[in-house]
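Now for the letters of each chain:
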Amino acid sequence: MIRFCRLPSLIAIAGSLWAGSLWAGSNDTFFLRGATVHPVSGPEIPNGSILVRDGKIIGVGATLSAPKDIRIVEGRGLHVYPGLIDSATEIGLSEIGAVRETSDITEIGKLNPQLRASVAVNPSSEHIPVTRANGITAVISLPDGEGLAGQASLMHLDGWTTEEMEVSRTAAMHLRMPVIQTAHSRFPEVASSPVPFAEARKTYEKQLQELNEFFESARRYQKARAAANPGFRPDLKFEAMLPVLEGKVPLLITAVRERAIRDALEFADKQKIKMILAEGNEAWKVAPELKARNIPVILGETLALPLDEDDPYDKPFTTPGELYKAGVVFAFGTYNVSASRNLPYQAATAVAFGLPHDEAIRAMTVNAARIWGVADKMGSIEEGKWADLMITDGDPLQTQTQVKQVFIKGKAVDMENKHHRLYEKYLARP
Amino acid sequence: MKRALALAPLTALWLAAAPPLVIQNGTILTVTKGTLHGSVLIRDGKIVQVGENIKVPSGATVINAAGQFVMPGIIDCHSHIAAESINEGSVSVSSMVGIQDVLNPEDIAIYRALAGGVTTANVLHGSANAIGGKCSVIKMRWGKSADELLFAGSKPGIKFALGENPKRRGGGTAFGATTLRYPATRMGVEDVIREAFTEARAYQASWKLYDARKAKGELVIPPARDLKLEPLVEVLEGQRLVHAHCYRQDEILMLLRVADEFGFKIRTLQHVLEGYKVAKEIAAHGAGASTFSDWWAYKVEAYDAIPYNAAIMTRKGVLVSINSDSDELMRHLNNEAAKTMKYGGLTETEALSLITINPAKQLMINSQVGSIEAGKDADITIFDGHPLSNFSKVIMVLIDGQIYFDREKDLSQRPVRENRRKELISKAAEEQKRSAPASSRRPGL
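Residues numbered from 1 in each chain as written. Chains lettered and ligands numbered in written order. Predicted model: local features only at pLDDT ≥ 70, side-chain atom pairs only at ≥ 80, totals over all residues.

### As for the overall build of chain A
Looking only at helices and strands, one finds 12 helices and 17 strands in chain A. Taking 2.2 N^0.38 as the reference for a compact globule, 430 residues should give roughly 22 Å; the C-alpha atoms of chain A span a radius of gyration of 23 Å, in line with that estimate. The principal-axis extent of the C-alpha atoms belonging to chain A is close to 75 × 60 × 45 Å. Burial analysis of chain A (430 residues in total) assigns 48% to the buried set. When contacts within chain A are restricted to residue pairs at least 6 apart in sequence, those whose partners lie at least 24 apart make up 67%. (Helix = DSSP H or I, 4+ residues; strand = E, 2+ residues; numbered from the N terminus. Rg over C-alpha atoms; globule rule 2.2 N^0.38 Å. Buried ≥ 20, exposed ≤ 12 C-beta atoms within 10 Å, placed from the backbone. Contact = placed C-beta atoms within 7 Å.)

### Overview of the sheet that holds strand β7 (residues 118-123) of chain B
Residue and element names in this part refer to chain B. Reading across from one edge, β6-β7-β8-β9-β10-β11-β12-β13 is the order of the 8 strands in this open sheet, with mixed pairing throughout. On the outer flanks of this sheet lie β6 (74-79) and β13 (320-322), each paired with one strand and no other. Each neighbouring strand pair of the sheet contributes to a mean axis angle of 25°, computed without reference to strand direction. Sheet topology places strand β12 (residues 288-291) next to β13; 3 bridges connect them, and they run parallel. Within the sheet, the bridge partner assigned to threonine 291 lies in β13 and is isoleucine 322. (Pairing = 2+ DSSP bridges. Axes fitted to C-alpha atoms, helices over the stretch in contact; angles between N-to-C directions.)

### Looking at the pairing of strand β1 (residues 21-29) of chain B
All names here are of chain B. Bridge analysis of β1 against strand β2 (residues 35-43) gives 7 bridges, and the strand direction is antiparallel. Within β2, the position partnered with glycine 26 by the bridge is glycine 38. Linking two consecutive strands that pair antiparallel, namely β1 and β2, is a turn of 5 residues; a positive phi of about 75° is found at valine 31 within it. Where β1 meets strand β4 (residues 61-64), 4 bridges bridge the pair, whose relative direction is parallel. Bridging across to β4, isoleucine 23 finds its partner in isoleucine 63. Where β1 meets strand β5 (residues 69-72), 2 bridges bridge the pair, whose relative direction is parallel. Bridged to threonine 27 within β5 is phenylalanine 69.

### Comments concerning the sheet that holds strand β13 (residues 297-299) of chain A
All names here are of chain A. What the 8 strands build is an open sheet, ordered β7-β8-β9-β10-β11-β12-β13-β14; its pairing is mixed. Two strands lie at the open edges of the sheet, namely β7 (84-89) and β14 (330-332), each paired on one side alone. Put simply, the sheet's adjacent strands are angled 25° from each other on average, direction ignored. With 3 bridges joining them, strand β12 (residues 275-279) and β13 adopt parallel strand pairing. Bridging across to β13, leucine 277 finds its partner in valine 297.

### Things to note about the interface of chain A and chain B
On the side of chain B, 39 residues touch chain A, which itself brings 34 residues to the contact. For the side of chain A that touches chain B, the secondary-structure elements that each account for two or more residues are α9 (343-352) and α12 (418-427) of chain A. In terms of residue class, the side of chain A that touches chain B is made up of 21 nonpolar, 9 polar and 4 charged. (Nonpolar A, V, L, I, M, F, W, Y, C, P; charged D, E, K, R; others polar.)

### A word on unusual backbone geometry
Trans is the prevailing form of peptide bonds, just as negative phi is the prevailing case for residues other than glycine. Residues and elements named next belong to chain B. For the bond running from tyrosine 182 to proline 183, omega is 10°, close enough to zero to count as cis. For proline 183, the location among the structural elements is in the loop between α5 (164-171) and α6 (186-215). Positive phi, close to 60°, is recorded for alanine 82, a residue that is not glycine. For alanine 82, the position within the fold is in the loop between β6 and α3 (108-114). Given 25 C-beta atoms within a 10 Å radius, alanine 82 is considered buried. The backbone of alanine 297 shows a phi angle near 65°, a positive value even though the residue is not glycine. You can see alanine 297 is positioned in the loop between β12 and α10 (309-315). Given 24 C-beta atoms within a 10 Å radius, alanine 297 is considered buried.

### Focus on the pairing of strand β10 (residues 241-246) of chain B
Residue and element names in this part refer to chain B. Where burial is concerned, most of β10 is hidden: 6 out of the 6 residues are buried. Residues Leu241, His243 and His245 line one face of β10 and the alternating positions Val242, Ala244 and Cys246 line the opposite face, and both faces are buried. As defined by bridge partners, strand β9 (residues 157-161) adjoins β10 across 5 bridges and the pair is classed as parallel. Considered in β10, the bridge of isoleucine 158 is made with valine 242. Relative to strand β11 (residues 268-271), β10 runs parallel, the two being bridged by 4 bridges.

### Some details on the environment of aspartate 69 of chain A
If you trace the backbone, aspartate 69 of chain A turns up in the loop between β4 (56-61) and β5 (71-74). Taking the C-alpha atoms as reference, aspartate 69 of chain A lies 9.6 Å from phenylalanine 30 of chain A; in sequence the two are 39 residues apart.

### Overview of the packing of helix α4 (residues 197-227) of chain A against helix α5 (residues 236-245) of chain A
All names here are of chain A. Their axes nearest at 9 Å, the elements α4 and α5 cross at an angle of 95°. When the interaxial angle is binned, α4 and α5 end up roughly perpendicular. Contacts between α4 and α5 involve Ala218, Arg219, Tyr221 and Gln222 on the former and, on the latter, Phe238, Met241, Leu242 and Leu245. For the contact of α4 with α5, the per-class residue count stands at 6 nonpolar, 1 polar and 1 charged. (Parallel < 35°, antiparallel > 145°, perpendicular 65-115°, else oblique.)

### Structural notes on the confidence of the model for chain A
Across chain A, the average pLDDT comes to 92, with 92% of residues at 70 or higher. Across residues 1-25 of chain A, where pLDDT falls below 50, the model places 43 contacts with residues more than four positions away in sequence or in other chains. (pLDDT = per-residue confidence, 0-100.)

### Thoughts on the packing of helix α8 (residues 315-325) of chain A against α9 of chain A
Residue and element names in this part refer to chain A. The contact between α8 and α9 brings their axes to 8 Å, and the two run at 80°. Taken as axis vectors, α8 and α9 run roughly perpendicular relative to one another. Counting all contacts with α8, which are made through Phe317, Pro320 and Gly321, the residues of α9 involved are Thr349, Ala350 and Ala352.

### A closer look at the nonpolar core
Membership of the largest hydrophobic core comes to 242 residues, with the highest contact counts inside it found for Ala264 and Leu277 of chain A together with Val70 of chain B. Once residues within four sequence positions are removed from consideration, valine 70 of chain B is found in contact with Ile23, Gly26, Thr27, Ile28, Leu29, Val40, Ala65, Ile372, Ile380 and Ile382 of chain B. (Core = buried A, V, L, I, M, F, W, Y, C linked by C-beta atoms within 7 Å.)

### As for the environment of glycine 143 of chain B
Residues and elements named next belong to chain B. Tracing the backbone shows glycine 143 in the loop between β8 (131-139) and α4 (146-149). The class of glycine 143 is exposed, set by 10 C-beta atoms lying within 10 Å. Measuring from C-alpha to C-alpha, the distance between glycine 143 and threonine 198 comes to 43 Å, with 55 residues separating the pair along the chain.

### Details of α9 of chain A
Here α9 of chain A lies mainly inside the structure; 10 of its 10 residues are buried. Burial in α9 of chain A covers these residues: Leu343, Pro344, Tyr345, Gln346, Ala347, Ala348, Thr349, Ala350, Val351 and Ala352 of chain A. As for α9 of chain A, its buried residues are in contact with β7, β8 (136-141), α8, β14 and α10 (357-362) of chain A together with α11 (333-342) of chain B. A positive backbone phi angle near 120° is found at glycine 354 of chain A, which sits one or two residues after α9 of chain A.

Structure, rendered in structure tokens:
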């Protein structure tokens, strides 16, 4: 139970888990004390304190004392972690999976670098309060589709508008690497007839060629633009490519199988761009190359089936641990909307199968912040960073642990959500 | 005599000759009789004794479970594994077909489910029709034949489906369909079920009349057999369990009332994501509820799904289980059950019951499985930590007292399998080289 007190009375203002609503909209300055603080950037601090002013962390430690007249958050018996970052979601871009009208994930066409996710994130989505209630404070909202799908945005899970939610409009450019696609379906009743391999290979080679040509065109555009000759006409697609070509924005390349991952590496080498690998189910087969190039991975779901029938049954569970041992840097993503809240349990399964516990936490906090270029603002509990915090009654990797309160930029967010509302309503049904 | 013995199935011989088995020193989560530190004695595939101090019989095989957690094998009340096909979607009533005819014992999902601690599953027909095909309860006897997967003595079942899925074919020609199919609305779904049971009643009456007249010694011609209506008559007579896919509270209530009208029971409501809204009515009918832990928002009828569903229904007197409906989710039903502790505050035993004794009761196999008790089948899962912890792994699974999954063995076999795989690939490449004319050889293959 978290108690909010004002010195010197130390009287609990709110006794319930849902006390957050008392704070919603109030200020973002407080002194949290008596909790076990897990800064992630350093060792845990038993009986630690955090001083937050105007949404930023001013101090962290065991010996801090509370300034006068500051609001006190009593954290005795509780744990404080940095808010979790889900490094791949469709949050805000999709409300109900099967209803096209609620989906803004996939645009028409294969070359859409000009699309920006953050402008289409719905701040009123019911998924936002549900997700943050389990400690997730920021997510990558990822446009998806064949080829260049658009710009992935890093969003805080709090804000009245997209602008208030937006942390980074262009965290990365998303590219889905072409693959040789012969058909397959889990339901033989609805499976279309498979495409012959030779034909699928032809399609793949053509797609790869188009992609290379587009990058070459973008480079020529870059030169023409620099030359500023009369008659130069701006092009929004190529404009969007400039920061990628300049290495300012990473190319987030989705590649699942070894072959696609190697294609992606070759492509990144050739185009001399900064790359992040997405999903990378078979990244373990390419680990030395990833490490050598310093390419981080946004891992797909750990709780997944092995790709092939003769893969070890636990391959997706052991992959994060194997990548860690190989020195590859990674963060976790759920690539989902409604299951984003289960992010910590994806990480937990990796721990059961060999990933050190601390590394699992890092892959949802500090590593993610580094990969997305916002390590100066979030990802750990350190001076100067935003107070994106989650207060729990235990290990966030364990399902039974309750998240008592979430802070985003120092503001205690409303912990109420659709699921809890319906729970209270129907539990009370006579 | 000698000859007959030699021809007896090998498994029977093995069982008869098998020494007793003792699982020792473990924390035993019996689910129905508390938790204790001790042993489980197994003989001839059955649990013989559970206790703190059990004497190891001479010649017994001993499994040392020190530091480990021993629980009943997990039961999944909704699965589609080990089936070659799932949906006979061409008709609105497909009760003439059954999963038993398409069981595939070589589906790798069986082994993967075992590795997740599952020993029994209810394998269901799909949800394309208001009244679907017949279901089969199987045990994960990996390596055995299709017939040997079947759970002996389990009651036959049938799938019903309400809502979006059965009405989809009435609203458009998705999924490769070229024609529309009745129904297109939830009203039509109710009608299909009422029409079918009206027919089934008449069919039942025609057989009753025939039997009565025949008993009197009259010379009568039997009615023509109707393979579609026979399973529905079994439902009317309480001989076949109804497992009904449903989401919204209105359709749940509709089905319960139709069942009341025709005088049969719904054994389980499957998915039943809005079950929490009509828990009282479900409990009154006596239907069980088998739900997901926390899936929601993947379609409109799942938009009001909440992770508190299992807890609310449990508190309101419904017999609840957590199911997977997924080859993947099936591998960690223990983690899914743990979510009911977070959302709604179920106790540890209540959470474990959702994946063991409760689904056993729903499938009416609880006299054989679902808990660790003397007299039950020795279907047992051993974890290296508490099964409700996310850091625990399954290390051994027994069915009928035989080891079907052993993590140590799985790990030690991996290099062997990998070598065999490489050998096969190089052999295949050789074959190809030999059989293909030189001109058609592609470089790099």
